[in-house]
Structure formats: structure tokens, C-alpha cells
Amino acid sequence: MSTPGHHTPHKVVVIGGGYAGTLAANRLRMRPDVDVTLVNPRPEFVNRIRLHQFAAGTGEATADYGTLLGEGVRLVVDNAARIDVTARTVRLASGRALDYDHVIYAVGSTGAIPSSVPGAAEFALGVAELESARRLRTRVRELPPAAAVTVVGGGLTGVETAAELAEQGRRVTLVCGGALAPSLSVPGRRSVAKWLSRHGVVVIEAAVVSEVRPDAVVLADGSAGSVVRASALTIWTAGFGVPKLAAASGLRTDALGRLLTDETLTSIDDDRVVAAGDAAAPSGRPLRMSCYAAGPLGARAADTVLSRIAGTAPAVIDLAFTGSCVSLGRRAGLRQFARKDDTATNVHFDGRMGAAYKELTCKFALLKIRREARRPGSLAWIKGRPRTEQPATAAPVVTSP
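Novice: What exactly am I supposed to notice about the overall build of the chain here?
Specialist: What the chain contains, in helices and strands, is nine helices and 25 strands. Relative to the globule expectation of 21 Å for 401 residues, the C-alpha radius of gyration of the chain, 22 Å, shows essentially globular dimensions. With the principal axes as the frame, the chain shows a C-alpha extent of 75 × 45 × 40 Å. Looking at the chain as a whole, 52% of its 401 residues are labelled buried. Expressed as a percentage of contacts within the chain between residues at least 6 apart in sequence, the contacts between residues at least 24 apart total 64%. Carbon and sulfur atoms provide 53% of the accessible area of the chain, an area that totals close to 17300 Å².

Novice: What am I meant to see in the sheet that holds strand β18 (residues 233–236) here?
Specialist: Whether parallel or antiparallel, the strands of a sheet pair through hydrogen bonds between backbone atoms. Spatially, five strands are ordered β11-β18-β12-β13-β14 in an open sheet, and the strand pairing comes out parallel. Edge strands, defined here as strands with exactly one partner in the open sheet, are β11 (125–126) and β14 (202–204). Sheet topology places strand β13 (residues 171–175) next to β14; three bridges connect them, and they run parallel. When the sheet's bridge partners are listed, L174 is paired in β14 with V203. The strands that helix α5 (residues 156–166) touches are β12 (148–152), β13 and β18; relative to β13, the one it contacts most, it runs at about 170°.

Novice: Before we go on, may I ask you to explain unusual backbone geometry in this structure?
Specialist: With glycine set apart, most residues show a phi of negative sign, and most peptide bonds adopt trans. Although it is not a glycine, A181 sits at a positive phi angle of roughly 45°. Mapped onto the elements, A181 comes out in the loop between β13 and α6 (186–198). By relative accessible area, which is 1% here, A181 ends up buried. For L265, which is not a glycine, the phi torsion comes out positive at approximately 75°.

Novice: Help me understand the nonpolar core, please; the structure alone is not making it clear to me.
Specialist: It is characteristic of soluble globular proteins that their nonpolar side chains tend to be buried jointly. Formed by 60 residues in total, the largest nonpolar core has its most connected members in L28, I104 and Y105. Counting residues per element, this core draws most heavily on helix α8 (residues 291–310), at ten residues. Once residues lying within four places of it in the same chain are set aside, the contact partners of I104 are V12, V13, V14, I15, A24, L28, V274, A276, A301, A302 and V305. Judged by nonpolar contacts, the second largest core, of 38 residues, contains V46, L125, V127 and L143.

Novice: Honestly, the pattern of salt bridges in this entry has me stumped. Any pointers?
Specialist: Side chains that differ in charge, positive against negative, can pair when their charged atoms come close. For the coordinates displayed, the defined rule picks out 21 salt bridges. Between E164 and R330 there is a salt bridge; the shortest N-O distance is 2.8 Å. Taken together, the residues E164 in helix α5 and R330 in the loop between β23 (323–328) and β24 (332–338) connect sequence positions 166 residues apart. With relative accessibility at 0%, the residue E164 sits in the buried group. The exposure class assigned to R330 is partly exposed, which follows from its relative accessible area of 31%. Close ionic contact of D269 with R252 constitutes a salt bridge, the shortest N to O distance being 2.7 Å. Highlighted residues: D269 in the loop between β20 (259–261) and β21 (273–275) and R252 in the loop between α7 (245–248) and β20, separated in sequence by 17 residues. Here D269 falls in the partly exposed class, since its relative accessible area comes to 32%. For R252, a relative accessible area of 27% translates into the label partly exposed.

Novice: Which parts of the structure should I look at to understand the packing of helix α1 (residues 19–27) against helix α9 (residues 351–374)?
Specialist: Angle between the axes and distance between the axes are the two parameters that describe a pair of packed helices. Contact geometry for α1 and α9: axes closest at 8 Å, N-to-C directions at 20°. By the angle between their axes, α1 is roughly parallel relative to α9. Where α1 crosses over α9, the handedness of that crossing is left-handed. Here Y19, T22, L23, N26 and R27 of α1 lie close against α9, whose contacting residues are A365, K368, I369, E372 and A373. Residue composition of the contact of α1 with α9, by class: five nonpolar, two polar and three charged.

Novice: Would you mind showing me how to read the layout of surface pockets here?
Specialist: Over the atoms, a rolled probe matching the size of one water molecule traces out where space is still vacant. Considering only enclosed or pocket space, the second largest pocket measures out at about 270 Å³ in volume. Taken together, 13 residues make up the lining of the second largest pocket; nearest its centre are L319, F321, K340, D341 and R387. Of the residues belonging to the lining of the second largest pocket, the class tally is four nonpolar, one polar and eight charged.

Novice: Hey, could you run me through the sheet that holds strand β1 (residues 10–15) in this one?
Specialist: Taken together, five strands build an open sheet; the order of strands is β5-β2-β1-β9-β21 and the sheet is parallel. One side of each edge strand has no neighbouring strand; the edge strands of this open sheet are β5 (74–77) and β21. The mean angle between the axes of side-by-side strands here comes to 20°, regardless of whether they run parallel or antiparallel. Sheet topology note: the β1/strand β2 (residues 34–40) ladder contains six bridges and is parallel. When the sheet's bridge partners are listed, H10 is paired in β2 with V34. Where α8 meets the sheet, it contacts β1, β2, β9 (102–105) and β21, and its direction lies at approximately 170° from that of β9.

Novice: Mind showing me how you'd approach the packing of aromatic side chains here?
Specialist: Here a ring pair, both rings aromatic, is described through the centre-centre distance and the interplanar angle of the planes. One pass over the full model with this rule turns up five aromatic pairs. Each ring, one from Y292 and one from F321, has its centre 5.5 Å from the other, and the planes form 40°; the classification is tilted. One end of the pair, Y292, is in helix α8; the other, F321, is in the loop between α8 and β23, and 29 residues separate them in sequence. Following the ring pairs from residue to residue traces out a cluster consisting of Y19, F45 and Y65. Its end group placed over the ring of F337, R335 keeps NZ or CZ at 4.5 Å from the ring centre. We note K383 situated over the ring of W381; from NZ or CZ to the ring centre the distance is 4.3 Å.

Calculation notes
Residues numbered from 1 in each chain as written. Predicted model: local features only at pLDDT ≥ 70, side-chain atom pairs only at ≥ 80, totals over all residues. Heavy atoms only, no water. Helix = DSSP H or I, 4+ residues; strand = E, 2+ residues; numbered from the N terminus. Rg over C-alpha atoms; globule rule 2.2 N^0.38 Å. Buried < 20%, exposed > 50% of the residue type's maximum accessible area, 1.4 Å probe, protein only. Contact = heavy atoms within 4.5 Å. Areas by Shrake-Rupley, 256 points an atom, 1.4 Å probe, with all protein chains shown as cover. Pairing = 2+ DSSP bridges. Axes fitted to C-alpha atoms, helices over the stretch in contact; angles between N-to-C directions. Core = buried A, V, L, I, M, F, W, Y, C linked by side-chain atoms within 4.5 Å. Salt bridge = Lys/Arg side-chain N within 4 Å of Asp/Glu carboxyl O. Parallel < 35°, antiparallel > 145°, perpendicular 65-115°, else oblique. Left-handed = near helix turned anticlockwise from the far one by under 90°. Nonpolar A, V, L, I, M, F, W, Y, C, P; charged D, E, K, R; others polar. 1 Å grid on protein atoms, 1.4 Å probe; cavity = no way out; pocket = protein on both sides within 12 Å on 5 of 7 lines; lining within 4 Å. Points joined across faces, edges and corners; volume = space filled by probe spheres on them. Phe/Tyr/Trp six-rings, centres within 6.5 Å; stacked < 30°, edge-to-face > 60°. Lys NZ or Arg CZ within 6 Å of the ring centre and 35° of its normal.

Right, here's the structure in full:
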């Protein structure tokens, strides 16, 4: 029993210092008796939504944690190797172990270059992580201006990467493997296609890359034949993965490796483990991987931990989507509006107004983390109806070997 006037701190370890984890760490300071440790493999914050700019040489994509974390949050630069739920410790790659009362699992997502495509892992570069973006930035600088560049993946990351390079006069081919920007409305996709065409980007929607070579890509469109296209640099933006920490810790995940939780973001295996951001799969139905969702999910995860410390029932996730935005170089962009369930409407605006809106959202991504550091509990978001609770075990499950 604690001495009157003395309270043993509640130890919370936040694994992952991205948008969700950093905001969650700051929000946990709503209680003065919570000891917060943030574990991150890098000493600097990666502003991921600017990595395509960083790779193209048109911007920077890191921030000092000293400007983001509130007083009292301890940063440990290390990799989490395993969560030992029995001993309640997070074991680090360095050999250290951090004791915890609660864990917030916010490891985020990673790029995914498939080993099933010959040559992709060897010759293609990604843009989803700082280290790969650094390698890509170096390669772009070394390339002759007229060299052919291929961007694989027609989602918003692929579009932004292709546009950033095309605006600099690069010869870019965008291989979509399906529709161009499928998350946008038909009018939105048409607007993006027009901008890409005006800037010389060759858009190939139906074909997929079946092989990557040092100086070329091989395209297949489902017919018996294939086409070889020159490519001095191939950038892979198709698909995302997540770190395997949850499965390595014996916690159940979905097929991609996201931690299975209930609608309060609590692990279905251990109520002291709460997930946030891209690596969470509530009810086996994860929200769209995005910076937009990461902040509210980080806040909700922190609130769930604080509720459990207080002995009250945690709230369920209640985030409403409003749409998405995409940059088209530095002078244009597109803001796509959506219904609360994240389905696109036919309403958008583009051009310079779209660019200004995208820049504002990029700045706000860090501003809301800094505001949470100054005033824990300040983040608010557009609310949607709570989702219907479903057994998370209904999703495909992957367990550690």
C-alpha cells in the first residue's frame, strides 16, 4: 500500500514515435502520475507525408523530438524486439528491458517491395521510410536529367512522387497496376490525370510490373506478351506492410501483421496493450492508413490507457473521415471530399488552392502534436458514429511461430 501523499507512477511505454505514438505520449500527461517512455528507432521524428518531397530534393522530412515532446516524456532511441506480456516488459534490441503497466503499440507501417516480383527488392527503391528515401534522394541527384524514371503504384503516394519529379523536368512513367488514384472520385482522378499529362508523365493504368531490371522494367497486362521499358531508376510505392513485433510477441494479428484489437483499441489478448495508428486492426477492420487517422487514434489509445488507470470504461473509436488531399508538385494539388465512411464524393478543388490546402495539412500534422505537448488533451477531431463491434478473431489471424 502506498504512503499517504505518495503515489507510485503508472509506467506507460509507447512503442513508435510517429504521428500516433508521439501524440499519444503527449496526451498521457493529462495525469501527473503517469511515467511515459517513448521508444523509437531513430533520434529524429520522420514527417512521413513529406518523404516524397525529401526524396525529390524539394523539401525536408524530419523534426527534432525536442520540439515535439512534452516535458517529462522520456525518449529511448532503440528498437523494440519483443513485448513480454507475462513479465510486463518491453525487450529492446540493445538488450535493455523496460518495465510497463501499459503499452501503446504505435509501430506504424513500412514500405513493402514484394520479393515475388523478380528484381524488385534488388533494384527498386522505396519512398515510405526515411532510410529508403535518403537512398532515393541520392540516386535522383546522380541521374542525368533525361534519364527514364518509373514509379510503380497508382495510389496517392505514387502520384505525389511522380508529380514531384515531373515538375523538375524528369521523364516519368507511372505504372498503376489498375486505376489511377482509385481512392479519388472520377472527377478527382480526371483532374490528376490532366496535370500528369500536362507535365509529361506517361500513365499506364492496366499493366503491372512483372520484373525489375537494373536499367528497365518488364510490364505485363494479362496477355501472353510483355513489354520492356527503359528505367534508369525504379521507385516502388505499391503497397504497405507493418513491423512484425506483435506477432513476434505472441499477440494475434491480422493477415498483414496489424495488432487485433476491440473498438477501444485494446488488444484482444491483453488489456494492458493498446494499439494506435497504422498497426492497429480494430475488430479486424482497420481504418485507412493515413496521417489523418493517426492523430485521433493516438489520442483515443492514450484515453483508453488513462481510463484503465482510472478504473473507468474506455470509449470506442469514433473517427469520421472527411476526404484526402494530394500534392502535385509544389504549385498544385487536389482536395478530395468524402463521406464520413471514407467513400469519395464528386466534390473536390484543385490547382493552387489544392496546393495551399495540402501544405496547410502538412503543417498541421506537427502543429497538433506540439499543441498536445503544451496542452495535453487538446486534440479534437470530427466524430462519426461508433462502428458496430465485431469479433476481431473473424479476421485472418497470424500468430508467432
